[in-house]
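# Commentary on secondary and tertiary structure
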Amino acid sequence: MTDVQVLGTKGAIREISEANFVKDLDKRIRHRTALPFSDDRLAAVAAVSTKLLEKRASLPAFVTHFAFWTRKSALQRLKESYLRRMPETTQARARGLVFHLPPQNVETVFLYSWILSYLVGNANVVRLPSTISGAMQSVCDLFLEELEARADEAQLFVRYDAASEMSAGISSCSDARVVWGGDAKVDLFASLPLRKGGKALWFGDRFSWALFKGEALTALTPQERHMLAQRFANDVAVFDQMACASPHTLYVVGDAAAHSETVRAFLADLGRSIREKQPPAAAGLAIRKMTEAFALASTGEVSSVLWQGDAVTGVFAEGPGRRELRVGGGFLQVVFLPSTDDVPSLIEEYDQAVVHFGFSSTELNAMAASHIGQGVSRWCPAGTALDFDFIWDGYDIPFELSRFVRVS
């Protein structure tokens, strides 16, 4: 009986029994590692990037961004950063076999963690979701072709029945496991033991929000405000606002009376920008946005509601304080704050990104330094919330997936 489907080039699929697959991982695949940032692996990733960029006009924005992130010059900078951060009298090695479990809702994210693991020399098993988009399938096919051309058998993209014991079997011979998804998924895999000395990286439920300086927003010309809205649309519109880094609440530092009109104009610009980038929201999502807005208005929690067709729904909170509601599809709660002194009290342990506009580096560093507990791993400019960084959710992913040898 076959339990594992291993994807190959041109749609080919190899079916392998569970026992044989795990045995092969343990005895053969796990040991097929390379030195971190080897020329061969850098060239393989750059080759796929080049092919993607050649046809970027027809690709979704998130695939194009991935292609730019993996172009040759970007990979070289990543290598230089890795080597620069290495402690003295230390050599880097691959950790071994890394098991990746991607999320269903943000397709490209697993490619970033797999690429980083691949570049630092690891063998990898990626359990793909049951269905992926045509664009993502094309990206996977390009990598599979490149890997086959280089006779690299240690990078496996697989599918298997979630009800089987395969996840436990793969985990048992893995040196690291990378889990993307909700807290329930994290909990499900937490009980599965890794190889002794194994490491687990968890990317569970997160919440993100935006922080704008009202004074800076009001000072923008209409053209500048529209350009800001176009950038912010990248944070809000992609993946229907369901990525962990997508902001759901817009905090505006300043007086509501002074800046409310500008914020409304900005949300109108945002709605137009999203309509330029995205097809109309699904009917169910549009209805949910309307229902949530009416529910908030009925309780007195919001003072007004701004509709921008099916692209943006803005609800203006009655007063300052933490506001948290994940609706998606361009649903934003707007909250005015008296000053930046109120920012530390907003931060919760599960916050990921604060998407900012209008603050100086000094102000940003002061706000980041004001909170020393858990919560918020990224302060990023508007328009860059979904830009993947090798430091994510507090992990330095290349280092986490490396092993270090002290030579003294």
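Structural notes, computed from the coordinates. (Residues numbered from 1 in each chain as written. Predicted model: local features only at pLDDT ≥ 70, side-chain atom pairs only at ≥ 80, totals over all residues. Heavy atoms only, no water.)

### Description of the layout of surface pockets
Our working rule: Definitions used for this entry: grid spacing 1 Å over protein atoms alone; cavity, a set of points where a 1.4 Å probe fits but cannot get out; pocket, an open set with protein on both sides within 12 Å along at least 5 of 7 lines; lining residue, one with an atom within 4 Å of a point. Grid points are joined across faces, edges and corners, and a volume is the space filled by probe spheres set on the points. A run of H or I in DSSP becomes a helix once it reaches four residues, and a run of E becomes a strand once it reaches two; helices and strands are each numbered from the N terminus.
By volume, the largest pocket amounts to about 700 Å³. Every residue lining the largest pocket is counted, 38 residues in all, and those nearest its centre are V106, F239, A243, C244 and L386. Taken together, the elements giving at least two residues each to the lining of the largest pocket come down to helix 3 (61-69), helix 5 (109-119), strand 9 (207-213) and helix 10 (222-237). In terms of residue count, helix 3 provides more of the lining of the largest pocket than any other element does, three residues in total. Space inside the second largest pocket adds up to approximately 380 Å³.

### Focus on the environment of A135
Structurally, the position occupied by A135 is in helix 6 (residues 134-149). Sequence spacing of A135 and F357 is 222 residues, and the spatial spacing of their C-alpha atoms is 32 Å.

### Points about helix 5
The condition is simple: Relative accessibility decides the category of a residue: with a 1.4 Å probe and only protein chains considered, values under 20% of the type maximum give buried, values over 50% give exposed, and everything between is partly exposed.
Where burial is concerned, most of helix 5 is hidden: eleven out of the eleven residues are buried. For helix 5, the set of buried residues is V109, F110, L111, Y112, S113, W114, I115, L116, S117, Y118 and L119. Note on helix 5: the residue one or two positions beyond its end, G121, has a positive phi of about 105 degrees.

### Quick look at the pattern of salt bridges
Side chains carrying opposite charge are able to pair once their charged atoms draw close together. Quick note on the threshold: Every case where a carboxyl oxygen of Asp or Glu lies within 4 Å of a side-chain nitrogen of Lys or Arg is listed as a salt bridge.
For the structure on display, the rule yields 19 salt bridges. For R30, the salt bridge identified is with D175, shortest N-O distance 2.7 Å. Highlighted residues: R30 in the loop between helix 1 (18-27) and helix 2 (39-54) and D175 in the loop between helix 7 (166-172) and strand 7 (176-180), separated in sequence by 145 residues. A salt bridge links R150 to E146, with the nearest nitrogen and oxygen atoms 2.9 Å apart. Three or more residues are tied together by salt bridges with common partners; here these are D24, R28, R32 and E153.

### What to know about the sheet that holds strand 8 (residues 199-203)
In plain terms, the rule: When DSSP locates at least two bridges between a pair of strands, those strands are taken to pair. Axis angles are defined between N-to-C directions and span 0 to 180 degrees, where every axis is a line fitted to C-alpha atoms and, for a helix, only to the segment in contact. The criterion used for residue contact is that any of the two residues' heavy atoms lie within 4.5 Å.
Across the sheet, seven strands lie side by side as 2-1-6-5-4-7-8; this open sheet has mixed pairing. Of all the strands in the sheet, just strand 2 (13-16) and strand 8 have a single pairing partner and so form its edges. Adjacent strand axes in the sheet meet at a mean angle of 25 degrees, parallel and antiparallel pairs treated alike. Bridge count for strand 5 (residues 123-127) against strand 6 (residues 155-160) is four bridges, and the pairing is parallel. Each residue of the ladder has a partner; that of N124, found in strand 6, is Q155. Contacting strand 4 (97-101), strand 7 and strand 8, helix 8 (residues 183-190) runs over the sheet at an angle of about 155 degrees to strand 7.

### Digging into the packing of helix 2 against helix 4 (residues 72-84)
Using the following cut-off: Left-handed describes a crossing whose near helix is turned anticlockwise from the far helix by less than a right angle; the clockwise case is right-handed. Residues were grouped as follows: Ala, Val, Leu, Ile, Met, Phe, Trp, Tyr, Cys and Pro as nonpolar; Asp, Glu, Lys and Arg as charged; and all remaining residues, including Gly, as polar.
Direction vectors running N to C along helix 2 and helix 4 enclose 145 degrees, while the axes themselves pass 9 Å from each other. Read as a crossing pair, helix 2 and helix 4 show a hand that is right-handed. Here D39, L42, V45 and A46 of helix 2 come into contact with helix 4, specifically with K72, L75 and K79. Here the contact of helix 2 with helix 4 is built from residues that sort into four nonpolar, no polar and three charged.

### A short note on the packing of helix 2 against helix 3
Where we set the bar: Between 65 and 115 degrees an angle is taken as roughly perpendicular, under 35 as roughly parallel, over 145 as roughly antiparallel, and anywhere else as oblique.
Taken N-terminus to C-terminus, the directions of helix 2 and helix 3 make an angle of 140 degrees; their axes are 8 Å apart at the nearest point. Relative to helix 3, helix 2 is oriented oblique. As for how helix 2 packs across helix 3, the hand of that crossing is left-handed. Facing helix 2, whose interface residues are S49, L52 and L53, helix 3 presents V63, T64, F66, A67 and F68. When its residues are assigned to classes, the contact of helix 2 with helix 3 shows six nonpolar, two polar and no charged.

### Remarks on the packing of aromatic side chains
Cut-off, in case you're wondering: Two rings from Phe, Tyr or Trp (for Trp, the six-membered ring) form a pair when their centres are within 6.5 Å of each other. A pair whose planes differ by under 30 degrees is stacked, one over 60 is edge-to-face, and the rest are tilted. Charge over a ring is defined by NZ of Lys or CZ of Arg lying within 6 Å of the ring centre and within 35 degrees of the ring normal.
Evaluated as defined, the whole model comprises 22 aromatic pairs. Measuring from centroid to centroid gives 4.7 Å for Y112 and F388, while their planes differ by 20 degrees, and the two rings are stacked. Remark: F388 occurs in the loop between strand 15 (378-381) and strand 16 (391-392) and Y112 occurs in helix 5; sequence separation between them is 276 residues. Assigned by exposure class, Y112 and F388 land together as buried. An aromatic cluster is defined as three or more aromatic residues linked by ring pairs; in this entry it consists of F66, W69, Y112, W114, Y118, F143, F157, W180, F203, F388, W392 and Y395. The ring of F399 carries R85 above its face, with NZ or CZ at 4.5 Å from the centroid. Over the face of the ring belonging to Y160 we find R127, whose NZ or CZ atom lies 4.5 Å from the ring centre.

### Here's the deal with the state of the cysteines
So the rule is basically this: Here, a disulfide means two cysteine sulfur atoms that sit within 2.5 Å of each other.
With the rule as written, the count across this model stands at zero disulfides. Take C380: it sits in no disulfide, and the sulfur closest to it among the cysteines is that of C244, at 13 Å. With a relative accessible area of 5%, C380 lands in the buried category.

### Focus: the sheet that holds strand 12 (residues 312-317)
The seven strands are arranged 11-12-13-10-9-14-15 in an open sheet whose pairing can be described as mixed. At either end of the open sheet lies a strand with only one pairing partner, and these are strand 11 (302-308) and strand 15. Adjacent strand axes in the sheet meet at a mean angle of 25 degrees when their direction is disregarded. Relative to strand 10 (residues 247-253), strand 9 runs parallel, the two sharing five bridges. Following the sheet pairing, F212 is matched in strand 10 by V252. Running at roughly 160 degrees to strand 11, helix 12 (residues 283-299) makes contact with strand 11, strand 12 and strand 13 (331-337) of the sheet.

### Describing unusual backbone geometry
Non-glycine residue D240 carries a positive phi angle of around 55 degrees. According to the relative accessible area criterion, D240 is partly exposed, its value standing at 38%. Backbone geometry places Q241, a non-glycine residue, at a positive phi of 70 degrees. Under the relative-accessibility criterion, Q241 is labelled buried at 0%.

In short, geometric facts, not functional conclusions.
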